[in-house]
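# Residue-level structure breakdown
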Amino acid sequence: MFPLTEENKHVAQLLLSTGTCPRCIFRFCGVDFHAPYKLPYKELLNELQKFLETENEEFILDIPNPPPKKIRLQELEDGIDGIDNLSQNGEGRVSVMEDGSIASKNSNLNVCNVCLGILQEFCEKEFIKKVCQKVEASGFEFTNLVFSVSFPPQLSVREHAAWLLVKQEMGKQNLSLGRNDIVQLKEAYKWITHPLFSEELGVPIDGKSLFEVSVIFAHPETVEDCHFLRAICPDCFKPAKNKQSVFTRMAVMKALNKIKEEDFRKQFPCPPNSPKAVCTVLEIECAHGAVFVAGRYNKYSRNLPQTPWIIDGERKLESSVEELISDHLLAVFKAESFNFSSSGREDVDVRTLGNGRPFAIELVNPHRVHFTSQEIKELQQKINNSSNKIQVRDLQLVTREAIGRMKEGEEEKTKSYSALIWTNKAIQKKDIEFLNDIKDLKIDQKTPLRVLHRRPLAVRTRIIHSMETRYVDEHHFHLYLKTQAGTYIKEFVHGDFGRTKPNIGSLMNMTADILELDVE
């Protein structure tokens, strides 16, 4: 059933005679159900022609020398026939250029003066197939997708001009048309293309999908349509660091909401002029949202930093915990990059024992995302077999929210350490036993000298919950500590030139230093 009614006929004739395509006419007539938009373009045009030919009265516009409706309809129909001929000749409507962009081969189509061809050529199956070919060639693994489009900002200007035209004509009939009564171009485009994409790729369109296919359109011929707005509303167009142009869609919409109707009409034609060419496709992008892998690691080397150790551009050690784990994940997930995080960190000369330190890795734009539990186990084993410096356990895929929980309450956690202590004075077993009786000792730690270049200067209060000693010889003993997370253990032992108070040295009234430290 044709969606327009007698009430719409005047607006439909007005828009068609000024160069607007049938689907845009539907939008301005408030057709908000999907089926009519999905009809093939030629069929839409024929139906529109039949609908308008039932009008017996001569249609008169307040526009100088409008083309007769029958001529306009015949021209549009000839344009569609031209498309069909191209298809029959094997040329198709769109072609992939050497630079990878998609361009139109159809020069006969009367390009819509509002959507610039978006709801004409770029809704048809031939174009959708070209996009799907690029998606399939991208190498991404996906079971659903979200489809997004980016239209040239000047489309908003042209739609505004067409709206003012229709609004004026409807006002003569004591009718009104608000901006919100017009079906959004992006909505109509998705109504048409979503089922075609889903059918071609064999997966559902899902707004929550992590896999996104985006198509970016441009129209160089009309790129200056927006420029007059900057002179009238300069405060709407402020340069942004990440934007190549100040004429973003948001900036243009802001200016259109601000500009007076009479000022707009003086600067821009209503109706908008018909362009010579349809839009071009600047880019078809495929991207997958990040996936997260978490686990725990043990570090057995006293010569391995947690992250790459680079000072003034010079690498100090050949590897790191981060790289020994992430290099394998990058390769298997076919990701572009990664971000490593952990629950705390240890110094290069400190081992991490016990159950290991929790860590998580964000894999950016992964091409492969589906793994069985067995494949994850094999990946963990591969990491563990590659180096004797680290071992990984409990490797698993997790959500972004789980990463947040790993970082929650870091300073409220309790951590256990074992350290080998040296003293300058000879000691007996009885000289260290008093440390076993100290509970919940509060210490003040000024930012250590060794990390002052990367941490702000501050005094931090930390708690030593308990200590246990084991005598070794007259200059050495083992110290087992349970402390609040974030405690600088080395500084608690040697005092850091008095920057940590109290410390083991001051408690024992002698010089003490730490020779080995393990996170238990």
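Relevant structure appears above.
None of these values were measured; they are calculated from a predicted model. (Residues numbered from 1 in each chain as written. Predicted model: local features only at pLDDT ≥ 70, side-chain atom pairs only at ≥ 80, totals over all residues. Heavy atoms only, no water.)

This part covers the pattern of salt bridges. Here the structure, examined in full by the defined rule, presents 20 salt bridges. Lys9 is paired through a salt bridge with Glu6; the nearest N and O atoms lie 3.1 Å apart. On the criterion of helical spacing, the pair formed by Lys9 and Glu6 is a turn pair, its members being three residues apart in helix H1 (residues 6-17). Arg23 is the partner of Glu124 in a salt bridge, and the nearest nitrogen-oxygen pair spans 3.5 Å. One end of the pair, Glu124, is in the loop between strand E2 (102-104) and helix H6 (125-137); the other, Arg23, is in helix H2 (residues 22-28), and 101 residues separate them in sequence. (Salt bridge = Lys/Arg side-chain N within 4 Å of Asp/Glu carboxyl O. Helix = DSSP H or I, 4+ residues; strand = E, 2+ residues; numbered from the N terminus.)

Turning to the packing of helix H12 (residues 321-333) against helix H13 (residues 373-386), a few remarks are in order. Two numbers describe how H12 lies on H13: the axes approach to 10 Å, and their chain directions differ by 140°. One element, H12, and the other, H13, form an angle in the oblique class. Handedness of the crossing formed by H12 with H13: right-handed. Where H12 approaches H13, its residues Leu324, Ile325, His328, Leu329, Val332 and Phe333 are matched on the opposing element by Leu379, Lys382, Ile383 and Ser386. When grouped by side-chain class, the residues that make up the contact of H12 with H13 number seven nonpolar, two polar and one charged. (Axes fitted to C-alpha atoms, helices over the stretch in contact; angles between N-to-C directions. Parallel < 35°, antiparallel > 145°, perpendicular 65-115°, else oblique. Left-handed = near helix turned anticlockwise from the far one by under 90°. Contact = heavy atoms within 4.5 Å. Nonpolar A, V, L, I, M, F, W, Y, C, P; charged D, E, K, R; others polar.)

Turning next to the side chain of Ser343. Structurally, the position occupied by Ser343 is in the loop between strand E9 (337-342) and strand E10 (351-364). Residue Ser343 is classed as buried on the basis of its relative accessible area, which comes to 4%. A distance of 3.0 Å separates a polar atom in the side chain of Ser343 from a polar atom in the side chain of Lys413. (Buried < 20%, exposed > 50% of the residue type's maximum accessible area, 1.4 Å probe, protein only. Polar contact = N/O pair within 3.5 Å; in protein donor to acceptor, adjacent residues only side chain to side chain.)

As a further point, take the packing of H6 against helix H8 (residues 185-201). A pair of packed helices can be characterised by two numbers: the angle between their axes and the separation between those axes. Axis separation between H6 and H8 bottoms out at 10 Å; the angle between their running directions is 55°. The orientation of H6 with respect to H8, classified from their angle, is oblique. Seen from above, H6 lies across H8 with right-handed handedness. Here Lys125, Phe127, Ile128, Lys129, Val131, Cys132, Val135 and Glu136 of H6 come into contact with H8, specifically with Tyr189, Thr193, Leu196, Phe197, Glu200 and Leu201. A per-class count over the contact of H6 with H8 returns nine nonpolar, one polar and four charged.

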